[in-house]
Every structure is written in C-alpha cells, then in structure tokens.
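One-letter residues, chain by chain:
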Amino acid sequence: MSAQTPPTEPIPDDPLTPTLATLPNGLQVLALQDHRFPLIAMRLYIHAGAAYERDEEAGISHLLEHMAFKGEAEVANAAQRIEDVGGALNAATGYDHTVYMVDVPSSEWALGLEVLADLGLNQGEILEDELETEKQVVLSELERNQDHPRARMFELLQQRVWAGTPYQRPVIGYRETIQGFAAQDIRDYLDRLYHPQAMLLVVCGDFQPRVLSKQIMDQFGTRFGTQAVLPRAGDVDVGNANAPGMCIERTSWNKAYLGIGFLTPGMNSVWTPALEVLSYILGGHRSSRWYMRYKEELGVVDDISVESIQLEGAGMLLVQVQMEADQVLDFWKHWVRDLAALPQAEFTSEELERAKLNLEDGLLQTKETLAGLCSKLGYFQFFDGQVQAEERYVHQLQRISARDMQETIQGFLRPDRLQACCILPEQTELTEADFLSMVHGSESGNAPEVSGRRTRRAGREEPRIVDVGTQGKMVVQVDRTLPYTALDLSFLGGDMLISPQEQGLSFLLAKTLMRGTAAWNAARIQSFLSSRAASLNAHAGRDQLAVASKFPSRFTGDMTGMISEILARPAFGPEDTAKAVAEQQAQIAAMTDHPMGTLSREVFPFLFPGHFLGYYMLGRSDELSGYTPDRLSRLWARQKECPWVLSVCGDCDPKQFEEWAATLPGQAQADWQAWKVPAPRWNEQRTLHLPLNDRQQAHLLVVFPIPGLAHASNAAISLLKKILAGQNGILFRELRDRRGLGYTVAPMLWRIPQVGFLAFYIGTTPGGVEPAKEGFAQVVDMVQEGQLTDRDLIRAQRLLEVEYYRERQALGGRCGEAADLLIYDLGLDYFQSMLTQSRGTKMEEIQAAAREYLDWDRAYSIVLSD
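Only a predicted model underlies this, so the values are computations on that prediction, with no experimental measurement involved. (Residues numbered from 1 in each chain as written. Predicted model: local features only at pLDDT ≥ 70, side-chain atom pairs only at ≥ 80, totals over all residues. Heavy atoms only, no water.)

This next bit is on the sheet that holds strand E14 (residues 484–492). Strand order in the open sheet made by the six strands is E12-E13-E17-E14-E16-E15, with mixed pairing throughout. Of all strands in the sheet, those with a lone pairing partner are strand E12 (464–467) and strand E15 (535–540), marking the two edges. For this sheet the average axis-to-axis angle between neighbouring strands, irrespective of direction, equals 15 degrees. Each of E15 and strand E16 (544–552) is contacted by helix H18 (residues 505–513), which is oriented at about 165 degrees to E15, the strand it contacts most. (Pairing = 2+ DSSP bridges. Helix = DSSP H or I, 4+ residues; strand = E, 2+ residues; numbered from the N terminus. Axes fitted to C-alpha atoms, helices over the stretch in contact; angles between N-to-C directions. Contact = heavy atoms within 4.5 Å.)

Right under this line is the structure:
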C-alpha cells in the first residue's frame, strides 16, 4: 500500500494500491480503484457506538442510526435518492463504531459522497414525532431479538462475560432507556461524538481519482470539529475475569441452546491471531476437533461452533451449541472434562496450517465484491490505524506455532473463568448447580504450502456453452481476477423424483451424499476440504439436486477427483444415514423455534397441496427414521441418470473441465423436453393460521399468484417488486414509516419457469395483524389506481440494473445463475434481455400487471401468532 498522501494532492491514479489521505479537518480518506464492475462502494466509519454510551444512553447509537434518515429534506430522502439511481444505502451500529454504507453505479459517485456527508456531518433537526415513531420500531426490533434463540443466548452471555463494562449492554439497548430518549439526548450525542477527526471515508470501485479528490474535499473537508473527540471506555482487564458462572432460562422452544464464553483481549492484542487459529481448530469447520467429537463421534449435539469475537476493548471466545434437552448434561460432562485436558493437547502442523490457510483465504475472498473489499479495507484501517494492517496480520498469523496454542489455552480457556448460559425447554429440570458442580470438579495429512500474498490478475471472457456429448450441458465463464474457481453441477430431479410418502428423502440424499464414499469417510472428506480452503456441498430443491464447490484454482485436479469419487461411489452407510436423519430432524425442530423458519417451512405445502412443489423439503420428523441406505441408493441411481448442467466460473482451464465433464454420470442423450413441469394447482383454501406460542410478535404473509419466469410479464413484475421494496418502497413507507406497524416490511418474489408468487411480509404485534392487512390492501389500491410516479419507475429500473451487477460479482453467484438458466432452458442472456425489456417498460404496463395479479380474491393469507 502507498504511504499517506498530503490532503492537497489528488488520489494517485494507481488501480492496485489503496491510498490514505488526511483532510485538514482530520477526516481520513482511504481509496482504491477497481474497474471490474461499473459500481462504487463507499463506507463512512465513525468512532461512535455502544461502548461510547453512558449507562443512561444504552441504545442511543442504534437509535441514531435509525434517525439518521429522518429530519430535514435532504437527509430524510437519502434512501430515496440512492435507490432512485439503483443504489443501496444502509447503516450498522456496533460497540466501537457506526458505519454508513452506500453502493451506487459508478456514474453516480458524486451523489454517494453527498449522501454520506449528509449522514455523517450534516444531520438535520431531530423531530420529536419522528423520534417517537422510530422508538416504536426499535422496540419492535428488540422484541424480535427475544424471539431468536441465539440472539437471546448471546445477550444473556455478554452480561456475564463483559460484566462491569459498556460491552455488557446489548447494542440495541433496553426498553426503559429507549422509551426515555428525547430529541435533545440525540443532539447532545451527535455534538459529543460526530466530528470529522473521528471519521474514516473509504471508497472502492470504478472512479477517476482527480475528480473524486476535489469532490471529497468539497463535501467532507470544510467542516471542523467543535470539541475534542472523546475516547470510548478503556480496555477490559482480562486478568480480572469473573469466577465461573451459569444462568438458565426456560422457554417453549423445542431445542436446548447453550452458550459458553471466555473473556479475551480486544482486537489489537498480540493474542488475536492465535485466538482465531485456536477457534478454527476447535470449532470453525466441520472437520474441527469439537465438531468431530461431539457431533460425529458422541452424537450428543446437533451443532457446535467456536468463534473469536474481537471488539476494540474486549473479546470473547464463544462456544455455541444446539442439542436435545436430554443430551445437555451428557455433553457438558464430556466437554468440561475435555476442556480441563486441553492444556496437554498436541496441535499438529497440519491443523495449524489448515487453520492459517482458511483464515487468510477468508480475507482474500472478500475481494470478490466491491462491497466486501471496501468493508475489509475500512475495518483494518479504522481499527488498526495503519494501511499495512492486513499485511501485518497475515504475517503474524503465519508465525503462530503449537506453543502459541498452548499459551493461549492456559491464558484464556480456563474452567475457572468460563461463563455459560443455557436456554432450555420449560419441562427440563436442570439447575445451575448441575452445571457448576462439574466445572469445580474439573479444576482438581500434511497441509499444502500456503503461498505468499496473491495479486489480482486481469482477464474475463464471455461465457460459452460446451457440448460434452452426453445427457449434460456445460457452460464456462473464465475470470482470472482472483485465483479461485467455482462450479455448480445441477441435476434435474430433487423432489420431482419422489412420492408424497417420501417427503424429505431427496434432501436427505443430498446431505448423505457428502458423508462418505467407499474409500473416504466424512471426517477424511472434511479434512481434505479444509486443507485446501475449499467448500463442497450438495443440496436438493423442489426440482433439482446440485453439487456446488469453490476452491483455489491450484487445487482443481484434487477437487474434481473428489467430486468424481463422491458421485461414483457414495457409501450411504447405515451409521452415516442415521446421523444424517438425526441432523435433519434436529433442523426441523430448530426451524420451528424461529418464526420465519416456521413460515418458510409451511408456505409451500399450504400453497401447493398434492404437488411436489408443496412437499416439506425437510420431510416430517417422525417419517425420516424409516429412510434406509437402500432407499437412498435407489433414489441416487435414478437421480444421477437425470439431465444435468455443469457450470464453471473463475480462473480455470476450459479444456480441463470439458475432459472432466465427459466422465460425469449418464451417457445417453437427454430428452430435456420431457422434464418440463406443468403448472401446479393452487390450494382452494386461502387462509392459514399457525400458532406461535410464547412470542412477542406476530407475522403476516399475503401471497399473490403470478406467472413463472417464462411469461412475458416478467419484466413488469420484477419492476413492481422493486417499486414495493426498499426503504423508500411503498410497503416500507406506508406500513413502517407512516403507520409504525412493524420493523420488517418487505415484498418477496419467488419464480420458476412454470409458476411464481409475489408476497407481502410484515413482522408486527398480534394487534397489528388486521391493520397490516388493511395497509397491504391500501398499497395495492395505490399501485392499481395509478398513484405511482415516473420517479418510482425510474428508481425501480435502476435498482434492478444495479442489483444485476451487484449479485454477479461473486464467482458462486455467476456460476449458480448460469446453471439455473441452462437447466430451465431460458438461455444465458435471459437476465440481460429482461433488463433491456425493463428499460422500455411503461408505468401503464406495471399498473396493468398489478391489476391482473394483485387480486385480493385470489390472494392467500398466512398468519403466525398466539
């Protein structure tokens, strides 16, 4: 990276080097050119967050984030102005910072800078009536968090691990503090913390440096701070960790959720890389030690993960476990014993190198998208203060040794310092003493060489379809920007191949397919993948089964060989099948602990009874136990003979993949026309009520049937959805901003070639369901009766176009899209053609589509509430 430039010089015209400049008022600017896509990502970081709050201000940073888009006209219309040009605007509040995020087409860079300057430096008057509305929205969000098991568990845990510090408070605050805020409290907070010298502006993308420099100076360089920037609370003293503690909370949820936390230093500590390596080895992957022991060997958990959470002044090594309630003490007994023995454990060079490879790989993969690249650069600069922060971190990471692991364990993962919280079903008879008695008792293959820093290589080619002469098709998109390859092998089939009595079998097939072959067991496969920083998974849908992978390109031969082995010789062993069944049953139970999980599980069976589109994709828990290895083998024999598409995207050799494709299952030429699915019959019943016990909120989904992707109305419907969506969309404006009926209000669009639906969703209170239905009806009237403007249409057209580029930055996104387009026989130019059609679509066509398809007489209503 370059050295810091004087503020009077333009940003250097160097497309590969991030450049840091400081304006006369102290605001820092970090810029990087990247001309891969006609987009620009911008982030404004501010040293203002929950850790800067006083006790009586708990939640004010988050509330301000909401209020940032209110007030005077220019600020209040920020979302509308950005969405009008097809961009996206968002904000996030953390403990140590607030960040405002803008992504816009490169032609609209000046607007992006203007909006960020308004949000950071020119926030207008705080109006009491708007404040009261937003307080109700935040309270609704707070209640929603209480309905989420992991969010609730973490809130309980942070109070114990970070006790006595600002980090013990949830970022969202408390009901009593939120209700008590007045407009003057927000003004005082802004005056105290929002100053240029506390800010970092990051710009990445397709821009011209000299012009950008002048605009940044004009927008951000003319305002100076009026008082000294106050520091946040000091770092937590990890030497004063509390004695071991445990809390238990009981709910009506099906599963038990256990969180275990150990106090660790903040992000700038010398311990940071070692903590991340240790977290990965213990629970950062399906081949990790604790996942293999408690999930695969002992079978006492549904899932276990370990992560190192690092804030600026404190950290936590967090263990999260989901399991059956009757397995909790069994797990705890084993885990406490293993924890006590951990200081004597040996760490192999293979484990260490695998962890380092994957952690460095995670940094590299952020460069796929401009948004990811911008956020990564901003994070390192904002919290470390040096443009070389990432290189230094990678250097420290590579030096981690087995001895560092032991010192980290002895310093932080001590039984006498753990804090734990367990959320249990109501009928479970366990006490804190049951856990703590065990804690007190506990107190008596070679990894491939990691290359050096990689550089971006130019070179993108047009996609091309290859005839491989079998029942399959192949499409290749060469992109040498990063040394990675993504592939998607999609078979027609999935739930189309099974009967109503076999629901969940195709999903189980996909999961069991990855659990072993005649020569490889699940543990060996996961170790193989982790040692190559690769992902490989299979998933079954309503009309497809797909195998997807992403990996560093230098491992292409290894990965295609592994996929061939899995496709040719899946084991479907009795033990692996039983484990996959138990995992699927646990997934079903966990889904019903989440309101949105319940909704997503029930909507298709309700809409399409008797059709494979209406199957429970995960099946029914009581029926899964009857699915045997023999049934899986017979289904796979049928599935692998179905037509398929191989999609490859990235730094690849097309000839190598063409040769590999010729070895894939199936040799007969496929009759693709025979696989065209007729449109299903919709349910004659139009209302469904799902009980939602012991919850604070209600959820409403109204579904309108629409034609599928192959219909001529596709562009108009896509634009209609964009008109409804977003912070400035009609749904959000009418139901959330003007009526305050719920925190989340959004349209949902689902389509395959034969059928689709457009749905309106809101998370509200039980008393808000009927008003929300009325609000939805009034929105439909507004659209149908011509109350939309040309501005609404232009905004939707730009959103649709920018979304096209934004979603196709990642290799996996482009890869999966090409597979879907070919398997549905829509053509690789389908979305480009749809964009062209949308540019010429008139408002009258959208209104006509709304009148035809937003028909309340044919709508379906699903309510989750008490």
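Below, the discussion takes up the pattern of salt bridges. Pairing is possible between side chains of opposite charge, provided their charged atoms come close. According to the stated counting rule, one finds 48 salt bridges in the structure shown. The partner of arginine 354 in a salt bridge is glutamate 350, with the nearest N and O atoms 2.9 Å apart. Of this pair, arginine 354 and glutamate 350 are both found in helix H13 (residues 349–365), four residues apart, which corresponds to roughly one turn of the helix. For the pair arginine 354 and glutamate 350, a shared accessibility class is recorded, and that class is buried. Across the pair aspartate 384 and arginine 392 runs a salt bridge whose closest N-O atoms are separated by 2.4 Å. Arginine 392 sits in the partly exposed class, given a relative accessible area of 30%. Here the salt bridges do not stand alone but share partners, grouping Glu296, Arg515, Glu575, Asp576 and Lys579 into one network. (Salt bridge = Lys/Arg side-chain N within 4 Å of Asp/Glu carboxyl O. Buried < 20%, exposed > 50% of the residue type's maximum accessible area, 1.4 Å probe, protein only.)

Phi at alanine 533 takes a positive value of approximately 50 degrees, unusual for a residue other than glycine. Mapped onto the secondary structure, alanine 533 falls in the loop between helix H19 (522–530) and E15. The phi dihedral of aspartate 825 is positive, around 60 degrees, even though this residue is not glycine. For aspartate 825, a relative accessible area of 48% translates into the label partly exposed.

Our next topic: the packing of aromatic side chains. On inspection of all chains with the given rule, the structure shows 32 aromatic pairs. Ring centres 5.8 Å apart and planes at 75 degrees place the aromatic pair tryptophan 290 and tryptophan 335 in the edge-to-face group. With tryptophan 290 in helix H11 (residues 289–297) and tryptophan 335 in helix H12 (residues 328–341), the pair connects residues that are 45 residues apart, well separated along the chain. Pair check on accessibility: tryptophan 290 and tryptophan 335 agree, each one buried. Between phenylalanine 380 and tyrosine 393 the ring centres are 6.2 Å apart and the planes differ by 50 degrees, which places this aromatic pair in the tilted class. Residue phenylalanine 380 is located in helix H14 (residues 370–384), and its partner tyrosine 393 is located in helix H15 (residues 389–398); the two are separated by 13 residues in the primary sequence. Side by side, phenylalanine 380 and tyrosine 393 carry an identical accessibility label, which is buried. One aromatic cluster is present, formed by Phe604, Phe606, Phe608, Trp682, Trp750, Phe757 and Tyr860 through successive ring pairs. The side chain of arginine 542 reaches across the aromatic face of phenylalanine 604, ending 3.8 Å from its centre. Stacked on the ring of phenylalanine 831, the Lys or Arg arginine 808 has its end atom at 5.1 Å from the ring centre. (Phe/Tyr/Trp six-rings, centres within 6.5 Å; stacked < 30°, edge-to-face > 60°. Lys NZ or Arg CZ within 6 Å of the ring centre and 35° of its normal.)

Structural measurements only, silent on function.
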